[in-house]
Amino acid sequence: MAGLGASEPGTGPGPVPATRVELTVSSHYPHCPQFGRTEVIDNSLNPDFLHKFVLDYCFEERQNLRFDLYDVDSKSPDLSKHDFLGQAFCTLGEIVGSAGSRLEKPLTGIPGKKCGTIILLAEELGNCRDVATLQFCANKLDKKDFFGKSDPFMVFYRSNEDGTFTICHKTEVVRNTLNPIWAAFAIPVRALCNGDHDRAIKVEVYDWDRDGSHDFIGEFTTSYRELARGQSHFNVYEVVNPRKKMKKKKYQNSGTVTLLSFAVEAEHTFLDYIRGGTQLNFTVAIDFTASNGNPSQPTSLHYLSPFQLNAYSLALRAVGDIIQDYDSDKMFPALGFGAKVPPDGHVSHEFPLNGDASNPACHGIAGVLEAYQRSLRHVQLYGPTNFAPVVNHVARSAATVLDGSQYFVLLIITDGVISDMAQTKEAIVNAAKLPMSIIIVGVGQAEFDAMVELDGDDIRISSRGKVAERDIVQFVPFRDYMMGGPGAGLSMAGLAREVLAEIPDQLLSYMKARGIKPPPHSSHSGSPPPHP
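Since we're looking at a predicted model, the values are computed, not measured.

### Details of the pairing of strand 17 (residues 279-287)
- A large share of strand 17 lies buried, amounting to nine of its nine residues.
- Note: strand 17 against strand 24 (residues 406-414), eight bridges, orientation parallel. Paired with Leu 280 across the bridge in strand 24 is Tyr 407.
- Bridge count for strand 17 against strand 18 (residues 331-337) is four bridges, and the pairing is parallel. Counterpart to Val 284 in the pairing with strand 18 is Ala 334.

### Here's the deal with the confidence of the model for the protein
- A residue-level look at the protein finds 91% of positions with pLDDT of 70 or above and a mean pLDDT of 87.
- For residues 522-532, every residue scores under 50 in pLDDT, and the model assigns this stretch 22 contacts once sequence neighbours within four places are set aside.

### Re the packing of aromatic side chains
- Taken as a whole, this structure holds 17 aromatic pairs when the rule is applied.
- Through successive ring pairs, a cluster of aromatic residues spans Phe 288, Tyr 312, Phe 351 and Tyr 372.
- Directly above the ring of Tyr 157 sits Lys 202, whose terminal nitrogen or CZ lies 5.4 Å from the centroid.
- In this arrangement the basic side chain of Arg 229 is found over the ring face of Phe 234, its NZ or CZ atom lying 3.7 Å from the centre.

### What about the side chain of Ser 159?
- As for its placement among the helices and strands, Ser 159 is situated in strand 10 (residues 152-159).
- Exposure remark for Ser 159: the relative accessible area of 8% places this residue in the buried category.
- At 3.0 Å, the side chain of Ser 159 forms a polar contact with the backbone oxygen of Ala 200.
- Not counting chain neighbours up to four residues away, the residues in contact with Ser 159 comprise Thr 164, Phe 165, Arg 199 and Ala 200.

### Describing the environment of Asp 325
- Among the secondary structure elements, Asp 325 is positioned in the loop between helix 6 (311-323) and strand 18.
- When its relative accessible area of 12% is taken as the criterion, Asp 325 is described as buried.
- With 234 residues separating them in the primary sequence, Asp 325 and Thr 91 have C-alpha atoms 8.2 Å apart.
- Apart from residues lying up to four places away in sequence, Asp 325 is in contact with Thr 91, Gly 93, Glu 94, Gly 97 and Lys 330.

### Some remarks on the sheet that holds strand 12 (residues 185-188)
- Strand order in the open sheet made by the four strands is 12-9-16-15, with antiparallel pairing throughout. With partners counted over all chains shown, the strands left at the sheet margins are strand 12 and strand 15 (236-238), one partner each. For this sheet, the mean inter-axis angle between neighbouring strands, taken without regard to orientation, is 35 degrees.
- By the bridge criterion, ten bridges tie strand 9 (residues 130-139) to strand 16 (residues 256-266) in an arrangement that is antiparallel. Considered in strand 16, the bridge of Ala 132 is made with Val 264.

Cut-offs applied
Residues numbered from 1 in each chain as written. Predicted model: local features only at pLDDT ≥ 70, side-chain atom pairs only at ≥ 80, totals over all residues. Heavy atoms only, no water. Buried < 20%, exposed > 50% of the residue type's maximum accessible area, 1.4 Å probe, protein only. Helix = DSSP H or I, 4+ residues; strand = E, 2+ residues; numbered from the N terminus. Pairing = 2+ DSSP bridges. pLDDT = per-residue confidence, 0-100. Contact = heavy atoms within 4.5 Å. Phe/Tyr/Trp six-rings, centres within 6.5 Å; stacked < 30°, edge-to-face > 60°. Lys NZ or Arg CZ within 6 Å of the ring centre and 35° of its normal. Polar contact = N/O pair within 3.5 Å; in protein donor to acceptor, adjacent residues only side chain to side chain. Axes fitted to C-alpha atoms, helices over the stretch in contact; angles between N-to-C directions.

Below you can see the structure in the form of structure tokens.
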């Protein structure tokens, strides 16, 4: 039997989960609340557990998991009555970020003993992200206008659990015809039938009138399953006006509506791309300008205390700990800007923290922190504060991989006093065409007006009359999450949430704009099962 414990960073309502994933378990930190248990499989050393765990997945959170395996000897629900076989710790992001969202981990927990392996597989639950594209025409609709024919349009309603109907689509009006051909339209399948392929869809046909008192021509009902058959004799509908039908014995219909075409496509998700092998490349750029204060003084934002991490280190840890799960080689380029660097003391705006210009990558977040602390001892804080060189540095890498296999995230940690606003805006507008996002964490007490402007949430950033084609910058002031004392860990989870929340949608906006689809094995089929 395998048990799963899940610990959440911090408390409170937290983010809205992006999606739900299902964990499959097979087998060759502080105490977590127990999330659930698998079934017991008798007499097997290589069990494939049927029981799945369904968890809410949030990219921007570190979701810690613990799996405990037991050999069940009796019917007792008390785990201490059974033999412990081993345990494994990981994050949900680690499973999702592994190739094919499949993670193998050695089981540990019994000193000096090999406990075997646990295999974890995460799959996104397809809660109907399909989009259907439909086109209709009508024939011989009733003539409603005294001087002309009719100006028909259709209104679509999905039925609710309680038998009521909710409007979900209105076609355009086709003027002065009894045989309209409406334009094709796309609608999420969820909006059309709430994921229930047999639920009734009601369609009303009206004649448009300028004064808003549109005349009812008639109606028909169908279902998603019927529509999914595509163009066929099944999808020709009689438009019926119930009042006319009651009054006139010979009444047949008020015309017919025909489905001309039906197609359905999966709306791809962030996890589709991650499962399909897209890697997140994480680069860090740190502000080494003199406005941060002398690093040897406790008042400096760069002060290295033996007792606690400074704001730069905390911000780096908060974001890096989550993003590293999605980068398989765990090698992170780390740059500094705004300092005089050895041997000749020239000012550099993109120097490698590890001292190796040919390869500025550090191993893991621990390696980046080490290189940052090493740099502080070797460079002289100076100025000005130029962002454009590090933005362009990452953009050059991103420009070489446009096929969706890699997506670049640049984390800039700064005290926020920027000197090259015009050049940075231009660099961001150019980078918006590339597979990259920029996160800016502002540390210290400065006014961050310039950073808010770069964020572009309210007004999309522009340079020389060119507007950025995507919003790729997210700015967060570090001080909003600095609580100090024992609660600091909790605020770090909040910072990471805020900083990373936009990355999945920014990645999707790039893929969509370039028409890049995830590899076929990771997308789910959009068609409903065939009619019985």
